[in-house]
Amino acid sequence: VVGSLGAGGGILSVPVLVYVLGRDPHQATGLSLIIVGMTAAVSLALRGRGGDVAWRDGALFALAGLGGTWAGSSLGPLVPARALMLSFCALLAVVAALMVRSQLRASAAPVDEAGASARSCPSSGASTAVRVVVLATLTGFLTGFFGVGGGFAIVPALHLALRYPMKRASATSLLVMVITAAFGLASRALSGSLTLTPEVGAMVACFAGASMLGGLAGARLTTRVSNRVLGLVFAALLVGVAVSTAVATLA
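First things first, this report covers the structure right here in the doc. All of these numbers come straight from a predicted model, not from anything done at the bench. (Residues numbered from 1 in each chain as written. Predicted model: local features only at pLDDT ≥ 70, side-chain atom pairs only at ≥ 80, totals over all residues. Heavy atoms only, no water.)

Remarks on the overall build of the chain
- The helix and strand tally for the chain stands at 12 helices and 0 strands.
- Out of the 251 residues in the chain, the part that is buried amounts to 49%.
- Of all intrachain contacts in the chain linking residues separated by at least 6 positions in sequence, the fraction that spans at least 24 positions is 85%.
- Accessible surface, the chain as shown: approximately 10800 Å² in total, 71% of it carbon and sulfur. (Helix = DSSP H or I, 4+ residues; strand = E, 2+ residues; numbered from the N terminus. Buried < 20%, exposed > 50% of the residue type's maximum accessible area, 1.4 Å probe, protein only. Contact = heavy atoms within 4.5 Å. Areas by Shrake-Rupley, 256 points an atom, 1.4 Å probe, with all protein chains shown as cover.)

Shown next, in the form of structure tokens:
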């Protein structure tokens, strides 16, 4: 999922770590940063060779969001576990609704892949720079707060607000995820909120290794589908994870 959509690592790994592997939600959000960051890194290596990654814009987006990542990482451990999971579900539902609306509008006014690529970069100017900083700060905060790579927020920000086509948004999201996940992990390690025992370290290594193999497979799959299909699959993923996580949290 990470390799193909540029998102999904944290929104899948956090529930799995909590409800399948029995980890505390606060510990799970920290461990997921390791898994998501490593998966995004290997997927980025493959997607980057295809020319879909906006390297400069992605790096600027990630660096502008580091302050938000630090703030989110500091506040996340202070929130009760149940509230953390329920707010996570609510956010996914909102983002899914925005993505569905975007794809429905696209189907009413179809644009070919070449036309979409031509508009893949936002126009220059002070207003665009301010918008990028605001979006980056928000996505960085969500990355640190929920302990995810941030792709569930980065892809919609690039696609909906900055008008990147889905393939370019998902590929560029991988670069942002690598940078922000590394920063969020460092922040938690310095604050002492992340500890790794030998048992937990072995579990994370197995999880991350399998996830990286899946990331490579997903990156190759992306070349065979359209921007619109990627958008609809992304929205469906968000809905599925939001519903299943809410049910598990309220059960």
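Quick word on a nonpolar patch on the surface
- Residues Val-16, Tyr-19, Val-20 and Leu-21 make up a contiguous nonpolar surface patch of roughly 320 Å² in combined accessible area.
- With respect to the secondary-structure elements, Val-16 resides in helix H2 (residues 9-20).
- A residue is classified by how much of its surface remains accessible, and Val-16, at 30% relative accessible area, is partly exposed. (Patch = residues over 30% accessible without salt bridge, like charges linked within 9 Å, V, L, I, M, F, W, Y side chains within 5 Å. Salt bridge = Lys/Arg side-chain N within 4 Å of Asp/Glu carboxyl O.)

Looking at the nonpolar core
- Residues Ile-11, Phe-61, Leu-92, Phe-152, Phe-234 and Leu-238 are the most contacted members of the largest nonpolar core, which totals 45 residues.
- The set of elements that each furnish at least two residues to this core consists of helix H1 (2-5), helix H3 (25-49), helix H4 (55-64), helix H6 (81-108), helix H8 (126-146), helix H9 (151-161), helix H10 (166-191) and helix H12 (227-250).
- Residues in contact with Phe-234, not counting those within four places in the same chain, are Leu-5, Ala-7, Met-99, Gly-151, Phe-152, Val-155, Pro-156 and Met-166.
- Ranked by size, the runner-up nonpolar core spans 13 residues in total, among them Leu-17, Met-85, Met-203 and Ala-208. (Core = buried A, V, L, I, M, F, W, Y, C linked by side-chain atoms within 4.5 Å.)

Describing the side chain of Ser-102
- In this fold, Ser-102 is placed in helix H6.
- One polar contact links Ser-102 to His-159, side chain to side chain, over a distance of 3.4 Å.
- Sequence-distant contacts of Ser-102, defined by excluding residues within four places in its chain, comprise His-159 and Leu-160. (Polar contact = N/O pair within 3.5 Å; in protein donor to acceptor, adjacent residues only side chain to side chain.)

Here we look at the environment of Gly-214
- Here Gly-214 is to be found in helix H11 (residues 198-222).
- With 172 residues separating them along the chain, Gly-214 and Val-42 place their C-alpha atoms 9.9 Å apart.

Description of the packing of H3 against H10
- Relative to each other, H3 and H10 sit at 140 degrees, their axes nearing to 8 Å. One element, H3, and the other, H10, form an angle in the oblique class. Crossing handedness for the pair H3 and H10: left-handed. For the pair H3 and H10, the contacting residues are His-26, Thr-29, Gly-30, Leu-33, Ile-34, Val-36, Gly-37, Ala-40, Ala-41, Ser-43, Leu-44 and Arg-47 in the first and Lys-167, Ser-170, Ala-171, Leu-174, Leu-175, Met-177, Val-178, Ala-181, Gly-184, Leu-185 and Arg-188 in the second.
- Looking at side-chain class alone, the contact of H3 with H10 contains 13 nonpolar, 7 polar and 3 charged residues. (Axes fitted to C-alpha atoms, helices over the stretch in contact; angles between N-to-C directions. Parallel < 35°, antiparallel > 145°, perpendicular 65-115°, else oblique. Left-handed = near helix turned anticlockwise from the far one by under 90°. Nonpolar A, V, L, I, M, F, W, Y, C, P; charged D, E, K, R; others polar.)

Things to note about the environment of Leu-60
- Among the secondary structure elements, Leu-60 is positioned in helix H4.
- Note on Leu-60: relative accessible area 51%, which makes it exposed.
- Distance in space between the C-alpha atoms of Leu-60 and Ala-136 is 8.8 Å, their sequence separation being 76 residues.

Observations concerning the packing of aromatic side chains
- Across all of its chains, the model carries 1 aromatic pair by this definition.
- An angle of 15 degrees between the planes, with centres 5.5 Å apart, marks the rings of Phe-141 and Phe-145 as stacked. With Phe-141 and Phe-145 both in helix H8 and 4 residues apart, this pair spans about one turn of that helix.
- Residue Phe-141 is classed as partly exposed on the basis of its relative accessible area, which comes to 25%.
- Residue classification places Phe-145 among the buried positions, given a relative accessible area of 12%. (Phe/Tyr/Trp six-rings, centres within 6.5 Å; stacked < 30°, edge-to-face > 60°.)

Observations concerning a positive patch on the surface
- Together, Arg-101, Arg-105, Arg-131 and Arg-163 make up a region of like positive charge exposed at the surface.
- Within the fold, Arg-101 resides in helix H6. (Lys, Arg positive; Asp, Glu negative; His and termini not counted. Charge placed at Lys NZ, Arg CZ, Asp CG, Glu CD.)

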